[in-house]
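One-letter residues, chain by chain:
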Amino acid sequence: RAVAMSVSHSSRLNKLVREQYMRLPQDGRVQVTYVWIDGSGEGVRCKSRTLDKEPKSIEDVPEWNFDGSSTAQAEGSNSDMFLVPVSMFRDPFCLDPNKLVLCEVLKYNRKPAETNLRHTCKKVMDLVKDSHPWFGMEQEYTLLGINGHPYGWPDNGFPGPQGPYYCGVGADKVYGRDIVESHYKACLYAGVKICGTNAEVMPSQWEFQVGPCEGIEMGDHLWMARFILHRVCEDFGVVATLDPKPMTGNWNGAGCHTNYSTEEMRREGGLKHIEAAIEKLSKRHHYHICVYDPRGGRDNSRRLTGHHETSNIFEFSAGVANRGASIRIPRQVGQDGYGYFEDRRPAANCDPYAVTEAIMRTTVLNETGVETKDYAEP
């Protein structure tokens, strides 16, 4: 029998009617959509305004504000929060000359909001800029119907065991490719440094990769790629979840593997610098686990079990081409003697600012223990 897929009502609205309005001229004015991270540290919010002319740089986009009491970021009695534009992209939904603008959130006193992790990340990246840190993050996610059930899975039951789905082809092996390809094109149009995509091990699970990005750019581009993913899914009437273990049982979880190198690691003989960085990471495992998901490691504990291509959350390990290790050195890097390594611990719902900042604090600034240094202090 035909199964009615669980999609949202709004996705069934007539898109041809919408196109009629989207083609109308704007008379030189520009629609700018401000995007920010809400009080959950995982969700993104947005709202739009009109500018009289197209902004040519981020400095041309004015600060704005929003009601923080409606995003779990302020009390109703003192609810105005500042939106400070930090990175601008082309708008793949409303098209040129319209813009998407990623913003930092500041409280009424101009101090960063609790979930504004970009603020300290930027300070750290400025400190280590001479090491030219490059990152590439692999964002796994799972498509759900509007009812919370994995998209394309049987209504009452499960698909066949994992095996044929990873990088699969065919209607019985992959679900939702239209969404994935639309997201890819939208990111390319926006100027997000998306560099690839593939179907993952669990059916309805996908991955896209962003990078290489230097310094603070990594977090900016991954957050915008996430926003675009949620907007594309909205058009199709489904949901993208970044939950690290959306389905219990014998199914792979979802991570955000982080590839990293400094300039000296990328040079001839860089393997010794890679090994030195891994040694530093091995002595600070607990600190990294605590910042690699929004709940201090509790989300990741459901995923990092030592099974399903993960390491055990309580143990640090490293190896060449080992996907069951905390840190993987790609085989080619081991052969060449230089390149990069992959931290496989970050959860799918990690904040990329927190992850990249932690890696720099440990491997370049040589911090130890669970405490972090405040470099703003004299």
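Residues numbered from 1 in each chain as written. Predicted model: local features only at pLDDT ≥ 70, side-chain atom pairs only at ≥ 80, totals over all residues. Heavy atoms only, no water.

1. Points about the UniProt feature "domain: GS beta-grasp" (unreviewed entry) in the protein
Within the UniProt annotation, "domain: GS beta-grasp" (unreviewed entry) is assigned to residues 30-110. Counting secondary structure, residues 30-110 comes out at 0% helix and 48% strand; the distance between its end C-alpha atoms is 28 Å. (UniProt positions renumbered as here; feature names shortened; annotations may be inferred. Helix = DSSP H or I, 4+ residues; strand = E, 2+ residues; numbered from the N terminus.)

2. What about helix 6 (residues 271-282)?
Residues spaced three or four apart along an α-helix point in a common direction, a consequence of the helix completing one turn every 3.6 residues. Taking 1.5 Å of rise per residue, twelve residues should cover 16 Å, and helix 6 covers 16 Å from first to last C-alpha, within 8% of that figure. For helix 6, the set of buried residues is Leu271, Ile274, Ala277, Ile278 and Leu281. Viewed end-on, helix 6 has its buried residues packed into an arc of 120°, placing them on one side of the element. (Expected span 1.5 Å × (residues − 1). Buried < 20%, exposed > 50% of the residue type's maximum accessible area, 1.4 Å probe, protein only. Arc of directions from axis to C-beta.)

3. Structural notes on the environment of arginine 267
Secondary-structure assignment places arginine 267 in the loop between helix 5 (263-266) and helix 6. Expressed as a C-alpha distance, the spacing of arginine 267 and tyrosine 338, which sit 71 residues apart in the sequence, is 6.1 Å.

4. Topic: the packing of helix 3 (residues 177-190) against helix 4 (residues 217-236)
Each pair of packed helices can be summarised by the angle the axes make with each other and by the distance between the axes. Two elements in contact, helix 3 and helix 4, have axes separated by 9 Å at closest approach and are oriented at 135°. When the axes of helix 3 and helix 4 are compared, the pair comes out oblique. Between helix 3 and helix 4 lies a crossing whose hand is right-handed. When helix 3 is examined against helix 4, the residues Asp178, Ile179, Ser182, His183, Ala186, Cys187 and Ala190 are found in contact with a partner set consisting of Ala225, Ile228, Leu229, Val232, Cys233 and Phe236. A class-by-class count of the residues in the contact of helix 3 with helix 4 yields ten nonpolar, two polar and one charged. (Axes fitted to C-alpha atoms, helices over the stretch in contact; angles between N-to-C directions. Parallel < 35°, antiparallel > 145°, perpendicular 65-115°, else oblique. Left-handed = near helix turned anticlockwise from the far one by under 90°. Contact = heavy atoms within 4.5 Å. Nonpolar A, V, L, I, M, F, W, Y, C, P; charged D, E, K, R; others polar.)

5. Concerning the domain arrangement of the protein
Domain annotation of the protein identifies domain 1 (9-115) and domain 2 (125-364). With 23 residues of domain 1 at the contact, the number on the domain 2 side is 23 residues. Between domain 1 and domain 2, roughly 1900 Å² of surface is buried when both sides are summed, and carbon and sulfur atoms account for 68% of that area. Sorting the residues of domain 1 by area buried against domain 2 places Glu42, Phe89 and Phe93 first, and these three jointly supply 34% of that buried surface. Inspection of the domain 1/domain 2 interface yields one salt bridge. Note that glutamate 42 and arginine 295 form a salt bridge whose closest N and O atoms lie 2.8 Å from each other. For the interface between domain 1 and domain 2, the tally reads five residue pairs in polar contact (both at pLDDT 80 or more). Every element with two or more residues in the side of domain 1 that touches domain 2 is listed here: helix 1 (15-22), strand 1 (30-37), strand 2 (44-51), strand 4 (80-90) and strand 5 (99-106). Split into classes, the residues belonging to the side of domain 1 that touches domain 2 amount to eleven nonpolar, six polar and six charged. (Domains from an automatic or database assignment. Buried area = accessible area lost by both parts, 1.4 Å probe. Salt bridge = Lys/Arg side-chain N within 4 Å of Asp/Glu carboxyl O. Polar contact = N/O pair within 3.5 Å; in protein donor to acceptor, adjacent residues only side chain to side chain.)

6. Things to note about helix 4
An ideal rise of 1.5 Å per residue puts 28 Å on 20 residues; helix 4 measures up with 29 Å between its terminal C-alpha atoms. The buried count for helix 4 comes to 15 of 20 residues, which makes it a mostly enclosed element. Two residues or fewer after helix 4 comes glycine 237, characterised by a positive phi angle close to 85°.

7. Topic: the pairing of strand 5
The buried fraction of strand 5 amounts to eight of the eight residues, a majority that puts the element mostly inside the structure. Of the two faces of strand 5, the one holding Lys99, Val101, Cys103 and Val105 and the one holding Leu100, Leu102, Glu104 and Leu106 are both buried throughout. For strand 1 and strand 5, the ladder comprises four bridges, and the chain directions are parallel. Paired with valine 35 across the bridge in strand 5 is leucine 102. Here strand 4 runs beside strand 5; their pairing, made up of eight bridges, is antiparallel. Its bridge partner lying in strand 5, phenylalanine 82 is registered against leucine 106. (Pairing = 2+ DSSP bridges.)

8. Overview of the nonpolar core
Of all hydrophobic cores here, the largest spans 72 residues; its most connected members are Tyr141, Leu143, Val192, Met224, Ile228 and Phe341. For this core, the leading source of residues is helix 4, giving ten residues. Lining this core are residues from two domains, each supplying at least three of them: domain 1 (9-115) and domain 2 (125-364). If we ignore the near neighbours within four places in the chain, the residues touching isoleucine 228 are Pro92, Phe93, Leu100, His183, Ala186, Cys187, Ala190 and Val192. (Core = buried A, V, L, I, M, F, W, Y, C linked by side-chain atoms within 4.5 Å.)

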